[in-house]
Amino acid sequence: MVNNWQKTKMKKMLLLMLAMMIANISFAQQQLATLNHDGNISVFYGSTAFRDALYASVNGDIITLSPGRFDALYEDEDGFHNKAVTIRGAGMFSDTLGNYSTDIEYMCIHDDSDTIRNLVFEGINFGRIYCGDLNNVKFIKCRINSI
């Protein structure tokens, strides 16, 4: 038989578990980008996390993106100019097991000066992408819906 004290304790435990589940879900939906520069890790949050990490990067850096949708990069933004970085996402497809893709709805990669070399994208779902005048850009396990 369960007394009132035990009922109260069980209710508190259930509420705590519920609060933890809600916190976990809300944290999992926040976009996150990490920038690895010579072993130093910087973390950027929110929908602009990718853009912020890209602007802070230099040649040879690695940017890792969490699952989620990141802001677009447009032609008049110069985040890619003269950068040879690796950008890794969580995957190009979402599945029924709860694994979600890294999505970038639109991106423009263009360099008239022909200086981008060894730019690498891995595991990213692109909605639409524009590429022009690039050398040695690699798309590994990426999905591009429209060019």
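Below is a summary of the structure that appears in this document. (Residues numbered from 1 in each chain as written. Predicted model: local features only at pLDDT ≥ 70, side-chain atom pairs only at ≥ 80, totals over all residues. Heavy atoms only, no water.)

A closer look at a nonpolar patch on the surface
Note the cut-off: Only residues above 30% relative accessible area that lack a salt bridge enter a patch, with like-charged residues linked at up to 9 Å and the nonpolar side chains Val, Leu, Ile, Met, Phe, Trp and Tyr linked at up to 5 Å. Accessible surface is estimated by sampling points in the Shrake-Rupley manner with a 1.4 Å probe; for residues, cover comes only from the protein chains shown. The term salt bridge refers to a side-chain nitrogen of Lys or Arg lying within 4 Å of a carboxyl oxygen of Asp or Glu. Here a helix means four or more residues in a row that DSSP labels H or I, a strand means two or more in a row labelled E, and each is numbered from the N terminus.
On the surface, Ile-41, Val-43 and Tyr-45 cluster together into a nonpolar patch covering about 300 Å² of accessible area. In this fold, Tyr-45 is placed in strand E2 (residues 40–45).

Structural notes on the sheet that holds strand E3 (residues 62–65)
Stated precisely, the cut-off is as follows: Pairing between two strands requires that DSSP report at least two bridges joining them. An axis is simply a line fitted to the C-alpha atoms; with a helix, the fit covers only the stretch in contact. Between two such axes, the angle follows the N-to-C directions and lies from 0 to 180 degrees. Residue contacts are counted whenever heavy atoms from the two residues lie within 4.5 Å of one another.
Read across the sheet, 6 strands follow the order E2-E1-E3-E5-E7-E9 without closing on themselves; strand pairing throughout is mixed. Of all strands in the sheet, those bounded by a partner on one side alone are E2 and strand E9 (138–140). Averaged over neighbouring strand pairs, the angle between their axes works out to 15 degrees when direction is ignored. Judged from the 4 bridges that link them, strand E1 (residues 32–37) and E3 form a sheet pairing that is antiparallel. Directly across from Ala-33, in E3, lies its bridge partner Leu-65. Each of E1, E2, E3 and strand E5 (86–88) is contacted by helix H2 (residues 49–56), which is oriented at about 15 degrees to E1, the strand it contacts most.

Digging into the environment of Gly-89
Residue placement: Gly-89 occurs in the loop between E5 and strand E6 (102–110). In sequence terms Gly-89 and Thr-64 are 25 residues apart; their C-alpha atoms lie 5.9 Å from each other. In contact with Gly-89, not counting residues within four places along its chain, are Leu-65, Thr-102, Glu-122, Gly-123 and Ile-124.

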